[in-house]
Each structure stands twice: as C-alpha cells, then as structure tokens.
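What follows is each chain in one-letter form.
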Amino acid sequence: MSVSKGLEGIIATESSICSIIDDKLTYAGYSIDELTENATFEEVVYLLWNRELPTQEQYEALRKELAENMAVPQGIIDHLKSYDLSKVHPMAALRTAISLLGLYDEEADVMESEANRRKAVRLQAQVATIVTAFSRIRKGLEPVTPKTDLTFAENFVYMLNDKEGEDIEIEAIDKALILHADHELNASTFTARVCVATLSDVYSGVTAAIGALKGPLHGGANEQVMNMLTEIGSEENAIPYIEEKLANKEKIMGMGHRVYRTGDPRAKHLQEMSEKLTKLHNQEELYRMSVKIEEYIKEHKGLPANVDFYSASVYHSLGIDHDLFTPIFAVSRMSGWLAHILEQYDNNRLIRPRADYTGPALRSFVAIENR
Ligand code: COA
C-alpha cells in the first residue's frame, strides 16, 4: 500500500460542479473572474445546484424562495438565547444550531431528490439567519425578520445590522459570497460527501462540514489572519513579526494552499476589495501591511496568499466582528456543500479508504491480572 498523507493528489470522485485546473477556478464551466464581476450570489447558487445559469424567471424564483425560507423556528432562537454566547465561538454555535434545525424539519430523513432540494433551499436560507441572529443576541439585541423583497446579500446585511446596507457593502458581501461558494473537494466538502455517502441525511452532512470548516487550517484561517494583523499593529512591524514567526517554524495564516501553486484566483478579487474598502474606511495601513506580508511570503517561502488572507481586511473594513468571518464563509460554502451532497446522492458509493497499519504485530491476549 502506498500512503498519500492528507490524501494529497488523490482523485476521490468525479464531479461536474467546480474545477481547479492550472490554478484557474470555474463553477460549472464559468470562470470565477466572470462570475465575480457579473453574477449575484443567487445566480451562483442556482449554477452550483443545476450546472446552468438561471433565466431571469428562474433567478427571481430562487431569490424569492430563499428570502421566504429565511425565518428559523422559534426553538432555534430560544436555543441561542439559552446559553452564554460571550463564551461560545460562533462556529460552534452555528454547528449546533444547524444540527438542531434538522430536528424541526419533518422532511429531514426523507431521501427523495425533491425533498432534498427543498431542504437545500431551507438550509441555504436559514444559515444566514442563524449567523446574524447569533451576532445580535450576543449583543443583547433581537434578531431581525428578513424581508422577502431583498436579495440574499441584502438580507444578510439587513439581518446583521437591522438596517439596509449601502451599495458598496452589499456588493462586497455578494462578491465575497460568490468567491467562497465552492471549491471542489476541499476538506469540509469532502467531509460532507463522506458523511452523506453512508446515506445519512443532509443535515448530518452540513453539520459535519461546518465542523471541518471551523479549523484554522481551513475556514478558520480568516479570523486568524485578522488576529495576526491586529497583533502586528503597524506597517513597520509587519516584516519583523513574520520573520520571527517563520524562525519559530510557525505558519502564517492566509498563506499557502494544497492545490494552488502560482496563486489563488480568488485572492486577487478580495485584494481589490480590500484596497477599496480599507481606503474608504481610513484603514489603508491594514491593506499596506497585508501587501507587505504577501510579498515577503511569496519571495521567501514561494507561497501564495489564499482566499482567507484579504477577506480578513475586507470583512474588518465592513465593521464585521472578527469571529463572524468564518461563519460568513459557512453561509457561502453552504451552497457548495449542498451541491456536492446532492451530487453524491445522485451517484452514491460509500467512501471508505484504507489505512496502512503501523501498530504492533499480531500478539496474544494477556489477561488483565497478568498485565
Ligand atoms: N506559512 C508558513 N509555511 C507554510 C505555510 C504557511 N502558511 N503553508 C505551508 N507552509 C510550508 C510548511 O511549513 C511546509 O514546509 P516544510 O516542507 O519545510 O515543512 C510546506 O510549506 C508544506 O506545507 P503543508 O502544511 O504540508 O502543506 P499542505 O498542503 O498540507 O497545507 C495549508 C496547505 C493551506 C493547510 C497550509 O498552507 C497552511 O496551513 N496554511 C495556513 C492556513 C490557511 O491559510 N488555511 C486556509 C487555506 S484556504
């Protein structure tokens, strides 16, 4: 048996959802660059779930369906209010709330494809409500009821702030949602597929995925990037800080990628947004600091910035709490997880790799009193 640690280079499934070829990222054949410039998040959700862009009518139907399904059962809100949110990471709260959501869904274990699609809509809609409700409840505020005439990004900002967002804010959130929507067999998507390949239900699949996304080597990196930038504090401190981290063999969050070698195609869009938004909010030093770090790591380690690096300063400039960065990633990636879960059900086989055993050789059992 040959082992590929971390399954590097292993092709574990066929998929028609998303491709990464020669460091270019596409969703169902459309370049991420074109989608980011021209599409809305709802169009991308439709694309990921159907492999075609929606007509105007199909787009409006999905937009409306998502907006109308955003309200969560009162039990979810009561649950969020029942514990001390100041001591809980929002990703842990989100994981548990999404799992709890399954208990309120009478179709949770119905495996027909139409029922799974209806659950996908509910989950995509309600993940936004849970993240924003968490944020408000921990500030002592009431959750905001979504508006059915708003887009997904508009409702997200509205539910977060109880105020409709400025155009530039909505545009930034919409683009960030598009850029994070799917990424082939990343760790959380693979986790979701492994889970549902046992023919477990959709809620179990996305709950498992949220658990995987939470880790700092995956989605948790964006919050860590912001912690790092805060710790660095000033532009002149950036390089000495990074040098020390590297000398201590510590990883620089937001840098490096398992698949990309020349650069993460999502990072340049977030960099542009970061430049624009930090300027608008008088936080240009944050941007300059980020550029310095990126250039240094590229030159000294040959590693590119990944999606999490500039998303940190984008979300910070929008005034979003740092520990909500990864939950926002989850709001977006929910669309990709669901696409992959539905694709897995459509052509399922149990995912069950092998391990190369390295433990003791066969030996005889020794009774407990003789050990
Ligand atoms: N900072 C410093 N060194 C890094 C690094 C980083 N962010 N990422 C990788 N490296 C180095 C490793 O130390 C290792 O060096 P070595 O061979 O001298 O030991 C080499 O590059 C390979 O790293 P490895 O962790 O084995 O690569 P991977 O493919 O398993 O990991 C990541 C990919 C993304 C997990 C990794 O780059 C990382 O931890 N990045 C920081 C976390 C992050 O931003 N995650 C979000 C990903 S979108």
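- Under the annotation held in an unreviewed UniProt entry, the protein chain carries the name Citrate synthase and is attributed to Candidatus Pseudogracilibacillus intestinigallinarum.
- Per UniProt, the comment on the protein chain under Catalytic activity (unreviewed entry) is "oxaloacetate + acetyl-CoA + H2O = citrate + CoA + H(+)".
- Comment text from UniProt for the protein chain, heading Sequence similarities (unreviewed entry), reads "Belongs to the citrate synthase family."

## Considerations on the side chain of threonine 26
No. 1: Here threonine 26 is to be found in strand β2 (residues 24-27).
No. 2: Polar contacts involving the side chain of threonine 26 include one to the side chain of serine 19, which spans 2.6 Å.
No. 3: Among residues more than four places away in sequence, those in contact with threonine 26 are Ile17, Cys18, Ser19, Ser31 and Ile32.

## Thoughts on the environment of threonine 189
No. 1: If you trace the backbone, threonine 189 turns up in helix α9 (residues 187-196).
No. 2: On the accessibility criterion, threonine 189 (0% relative accessible area) is buried.
No. 3: Distance in space between the C-alpha atoms of threonine 189 and tryptophan 337 is 5.4 Å, their sequence separation being 148 residues.
No. 4: Setting aside its immediate chain neighbours within four residues, threonine 189 contacts Asp182, Glu184, Arg333, Trp337 and His340.

## Concerning unusual backbone geometry
No. 1: Within the chain, alanine 28 stands out as a residue other than glycine whose phi angle is a positive 45°.
No. 2: Along the chain, the position of alanine 28 falls in the loop between β2 and β3 (30-31).
No. 3: Its identity is not glycine, yet asparagine 282 carries a phi of approximately 55°, on the positive side.
No. 4: Given a relative accessible area of 67%, asparagine 282 falls into the exposed group.

## Quick notes on the domain arrangement of the protein chain
No. 1: For the protein chain, the domain assignment lists domain 1 (15-216 + 322-346) and domain 2 (221-317).
No. 2: Measuring from the centre of the C-alpha atoms in domain 1 to the corresponding centre in domain 2 gives 25 Å.
No. 3: Listed as interface residues are 26 residues of domain 1 and, on the opposing side, 28 residues of domain 2.
No. 4: When domain 1 packs against domain 2, close to 2,300 Å² is buried across both sides, 62% of that on carbon and sulfur atoms.
No. 5: Linking domain 1 with domain 2 are one salt bridge.
No. 6: Between aspartate 33 and lysine 268 there is a salt bridge, with its nearest N and O atoms 3.1 Å apart.
No. 7: For the side of domain 1 that touches domain 2, the secondary structure elements donating two or more residues are α1 (32-38), α8 (167-180) and α16 (325-346).
No. 8: Broken down by element, the side of domain 1 that touches domain 2 gets its largest block of residues, eight residues, from α8.
No. 9: Among the residues making up the side of domain 1 that touches domain 2, the classes are represented as 12 nonpolar, seven polar and seven charged.

## Remarks on the site of the ligand
No. 1: Neighbouring the ligand are 17 residues, the closest being Lys251, Ile252, Gly254, Met255 and Arg258.
No. 2: At 3.0 Å, a backbone N or O of leucine 217 approaches a nitrogen atom of the ligand.
No. 3: Separating an oxygen atom of the ligand from a side-chain N or O atom of asparagine 306 is a distance of 2.9 Å.
No. 4: The fraction of the free accessible surface of the ligand (850 Å²) that becomes covered by protein chains is 64%.

## Quick notes on helix α14 (residues 284-301)
Note: α-helices contain 3.6 residues per turn, so residues at a spacing of three or four share the same orientation.
No. 1: The terminal C-alpha atoms of α14, which comprises 18 residues, lie 25 Å apart, in line with the 26 Å expected from a rise of 1.5 Å per residue.
No. 2: Regarding α14, the residues found buried are Leu286, Tyr287, Met289, Ser290, Val291, Ile293, Glu294, Tyr296 and Ile297.
No. 3: The elements touched by buried residues of α14 are α11 (221-232), α12 (238-247), α13 (267-280) and α15 (307-317).

## Details of the packing of helix α4 (residues 74-81) against helix α5 (residues 90-104)
No. 1: Relative to each other, α4 and α5 sit at 145°, their axes nearing to 10 Å. As α4 runs across α5, the sense of the crossing is right-handed. Packed against α4, whose contacting residues are Gly75, Ile76 and His79, the element α5 presents Thr96, Ala97, Leu100, Leu101 and Tyr104 at the interface.
No. 2: Per-class residue counts for the contact of α4 with α5 are five nonpolar, three polar and no charged.

## Regarding the pattern of salt bridges
No. 1: Applying the stated rule across the entire model yields 20 salt bridges.
No. 2: The closest approach of N and O atoms between glutamate 68 and lysine 64, which form a salt bridge, is 3.3 Å. Placement of the pair is glutamate 68 and lysine 64 together in helix α3 (residues 56-68), with a separation of four residues, close to one helical turn.
No. 3: Residue classification places glutamate 68 among the partly exposed residues on the basis of a relative accessible area of 46%.
No. 4: The class of lysine 64 is partly exposed, set by a relative accessible area of 40%.
No. 5: Each member of the salt-bridge network shares a partner with another, and the members are Asp105, Glu107, Arg118 and Arg122.

Here is what the cut-offs are and how they apply
Residues numbered from 1 in each chain as written. Predicted model: local features only at pLDDT ≥ 70, side-chain atom pairs only at ≥ 80, totals over all residues. Heavy atoms only, no water. UniProt positions renumbered as here; feature names shortened; annotations may be inferred. Helix = DSSP H or I, 4+ residues; strand = E, 2+ residues; numbered from the N terminus. Polar contact = N/O pair within 3.5 Å; in protein donor to acceptor, adjacent residues only side chain to side chain. Contact = heavy atoms within 4.5 Å. Buried < 20%, exposed > 50% of the residue type's maximum accessible area, 1.4 Å probe, protein only. Domains from an automatic or database assignment. Buried area = accessible area lost by both parts, 1.4 Å probe. Salt bridge = Lys/Arg side-chain N within 4 Å of Asp/Glu carboxyl O. Nonpolar A, V, L, I, M, F, W, Y, C, P; charged D, E, K, R; others polar. Near = heavy atom within 4 Å. Areas by Shrake-Rupley, 256 points an atom, 1.4 Å probe, with all protein chains shown as cover. Expected span 1.5 Å × (residues − 1). Axes fitted to C-alpha atoms, helices over the stretch in contact; angles between N-to-C directions. Left-handed = near helix turned anticlockwise from the far one by under 90°.

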